[in-house]
Amino acid sequence: MPELPEVETIARGVHQRLLGDRIVEAWFGSHKEPFKTPSARQAKGLEGRAILAVHRTGKHIVCELSAASGSLQCHPNAGLADEPTAQWIVHLGMTGRLLVSTPDAPQAPHTHARLTLASGRELRFVDPRRFGRLEFRDLSRGPGFTAPGVDPLTITAEDFAQLFHRRRLPIKAALLNQNLLSGVGNIYADESLFRARIRPRRLSGRLTRAELEALRLALSQVLEHAIRLGGSSVSDYVDADGVRGFFQLEHCVYLRAGLPCPLCQTPIRRILLAGRGTHYCPICQR
DNA sequence: ATATGGCCCTGGTTGC
DNA sequence: TGCAACCAGGGCCATA
């Protein structure tokens, strides 16, 4: 389940590889629309545009695109002068993958979109469960994509405290709410609460200022650490080159029900909270 | 403002 | 061994 570190890893990988490349042809599968923009309109909108930058906003991958050109060449100075005029926004849902492939690579089942690039490579979107979403935005007709919540890597102590105080819901549910922070999912909610030694069921508004600051620090540290390790491969997550991450080896509680807590050896407990499997140490987290 | 449950969807696991 | 029920959960929606 791609969360902030996995999405960041993929966005960086795609940026590094495809900067300056140009979309020659866009193919979309014909199953019932999993997309925000109808497939035909996306394909038409994407073709001919150069990739100026690829970055992460919340759990979304945003590709900044140039104006369309009839030329099939790559765009050697991409990003230096051009202002983007369109965006392609990818949300991976639970099982989505965005892969940079060579054209001869066999097409994985559940490939829903394939962008052929001027370099000959392809950018493929694969998503077995179809929880992912693809969207095309023409920036001459509307605003660029913005996440509803604040990025957990850059939020200040003051803003973090403001965001969570006086809310009457469990802190884990608040962490998962993308309208507050954008980018935190089930893995990093559980892992940051463990590192901050806070029980997931504690009400957000009942946390002290010190606890909230410990949580903010734990969250940003765990996210940064996970980005350095290329994310967590718990199900079948891979980056833009199909390479697995390593942060799952650093998990202290997530999917470790019954296994010993790394600090006190007490078996990790699993409960259901906000409809999500939730893992914590009953001794270390208060 | 918050809570709950359903929906989407497939693949892996469990149970008979 | 084979098949079906069940579970996983991010985001969104309707309802309470």
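Along each chain, numbering runs from 1 in the same order as the chain's sequence is written. Chains carry letters from A onward and ligands carry numbers from 1 onward, assigned in written order. Given that this is a predicted model, residues contribute local features only at a pLDDT of at least 70 and side-chain atom pairs are listed and counted only at 80 or more, while totals for whole chains, interfaces and linings are drawn from all residues. To get the side-chain values, all heavy atoms of the structure are used, and hydrogens and water are removed first.

Undergrad: Can you tell me about the protein's contact with DNA strand C, naming the residues and giving the values?
TA: The local shell around DNA strand C consists of Met1, Lys59, His91, Met94, Arg129, Phe131, Gln178, Asn186, Arg270, Arg276 and Gly277. The sugar-phosphate portion of DNA strand C accounts for 51% of its atoms within 4 Å of the protein, the bases making up the rest. The definition of a polar contact used here is a pair of N or O atoms within 3.5 Å, where within protein one atom must be able to donate a hydrogen and the other to accept one, and adjacent residues in sequence count solely through side-chain atom pairs. At 3.4 Å, a side-chain N or O of glutamine 178 approaches a phosphate oxygen of DNA strand C. Within the side chain of arginine 270, an N or O atom sits 2.6 Å from a phosphate oxygen of DNA strand C. Residue type decides the class: Asp, Glu, Lys and Arg count as charged, Ala, Val, Leu, Ile, Met, Phe, Trp, Tyr, Cys and Pro as nonpolar, and the leftover types, Gly among them, as polar. Of the residues that constitute the surface near DNA strand C, the class distribution is three nonpolar, four polar and four charged. Neighbouring residues are identified by heavy atoms, a residue being near a molecule or strand if any of them is within 4 Å of it.

Undergrad: Requested: an account of the packing of helix 3 (residues 157-164) against helix 6 (residues 209-228), with residues and values cited.
TA: Packing of helix 3 against helix 6 leaves a shortest axis separation of 10 Å and a crossing angle of 115°. Judged by the inter-axis angle, helix 3 sits roughly perpendicular to helix 6. Seen from above, helix 3 lies across helix 6 with right-handed handedness. Every residue of helix 6 that contacts helix 3 at Ala157, Glu158, Phe160, Ala161 and Phe164 is listed here: Arg209, Leu212, Glu213, Leu215, Arg216 and Leu219. Looking at side-chain class alone, the contact of helix 3 with helix 6 contains seven nonpolar, no polar and four charged residues. Under this scheme, a helix contributes an axis fitted over its contacting stretch, all axes are lines through C-alpha atoms, and angles between N-to-C directions fall in the 0 to 180 degree range. Helix and strand definitions here come from DSSP, where helices need a minimum of 4 consecutive H or I residues and strands a minimum of 2 consecutive E residues; each element is numbered from the N-terminal end. Any angle between 65 and 115 degrees counts as roughly perpendicular, while under 35 counts as roughly parallel, over 145 as roughly antiparallel, and the rest as oblique. We call a crossing left-handed when the near helix sits turned anticlockwise from the far one by less than a right angle, and right-handed when that turn is clockwise. Contacts between residues were defined by any pair of non-hydrogen atoms, one from each residue, lying within 4.5 Å.

Undergrad: Residue-level account of the sheet that holds strand 8 (residues 133-138), with values.
TA: Strands pair, by our definition, only if DSSP identifies at least two bridges between them. Taken together, four strands build an open sheet; the order of strands is 2-3-4-8 and the sheet is antiparallel. Whereas interior strands pair on both sides, the edge strands pair on one side only; in this sheet they are strand 2 (51-57) and strand 8. Taking the axes of each pair of neighbouring strands and ignoring which way they run, one obtains an average angle of 15° across the sheet. Where strand 2 lies against strand 3 (residues 60-65), six bridges are found, and the strand directions are antiparallel. The residue of strand 3 that forms the bridge with alanine 53 is glutamate 64. Running over the sheet, helix 1 (residues 4-18) touches strand 2 and strand 3 and is turned about 170° from strand 2. Against the sheet, helix 2 (residues 39-46) engages strand 3, strand 4 (86-91) and strand 8, with an angle of about 50° to strand 8.

Undergrad: Before we move on, could you go through helix 1 and cite the residues and values that matter?
TA: How far a helix is expected to stretch is found by multiplying one less than its residue total by 1.5 Å. The terminal C-alpha atoms of helix 1 lie 21 Å apart, and with 15 residues this matches the ideal 21 Å at 1.5 Å per residue to within 8%. For helix 1, the tally of buried residues reaches eleven of 15 residues, placing the bulk of the element in the interior. Note on classification: 1.4 Å probe, protein chains only; a residue is buried when its accessible area is under 20% of the maximum for its type, exposed when over 50%, partly exposed between these limits. Where helix 1 is concerned, the buried positions are Leu4, Pro5, Glu6, Val7, Glu8, Thr9, Ile10, Ala11, Gly13, Val14 and Leu18. Phi for glycine 20, located one or two positions after helix 1, is positive at around 90°.

Undergrad: Quick rundown of the sheet that holds strand 7 (residues 122-126)? Include the residues and the values.
TA: Read across the sheet, four strands follow the order 1-6-7-5 without closing on themselves; strand pairing throughout is antiparallel. Two strands lie at the open edges of the sheet, namely strand 1 (23-28) and strand 5 (97-101), each paired on one side alone. Taking each pair of neighbouring strands and ignoring which way they run, the sheet shows an average axis angle of 15°. Relative to strand 7, strand 6 (residues 111-117) runs antiparallel, the two sharing five bridges. When the sheet's bridge partners are listed, alanine 113 is paired in strand 7 with phenylalanine 125.

Undergrad: Which residues make up the pattern of salt bridges, and what values go with them?
TA: A carboxyl oxygen of Asp or Glu within 4 Å of a side-chain nitrogen of Lys or Arg is what we treat as a salt bridge. Tallied over the full model, the rule gives 13 salt bridges. Measuring nitrogen to oxygen at the nearest pair gives 3.1 Å for the salt bridge that ties arginine 209 to glutamate 158. Of this pair, arginine 209 sits in helix 6 while glutamate 158 sits in helix 3; the two residues are 51 residues apart in sequence, bridging distant segments of the chain. The shortest N-O distance in the salt bridge between aspartate 190 and lysine 172 comes to 2.7 Å. Note that aspartate 190 is positioned in helix 5 (residues 186-195) and lysine 172 in helix 4 (residues 171-176), a separation of 18 residues in sequence. Take lysine 172: its relative accessible area is 0%, and that puts it in the buried class. Connected via shared salt-bridge partners are Glu8, Arg12, Arg56 and Asp151.

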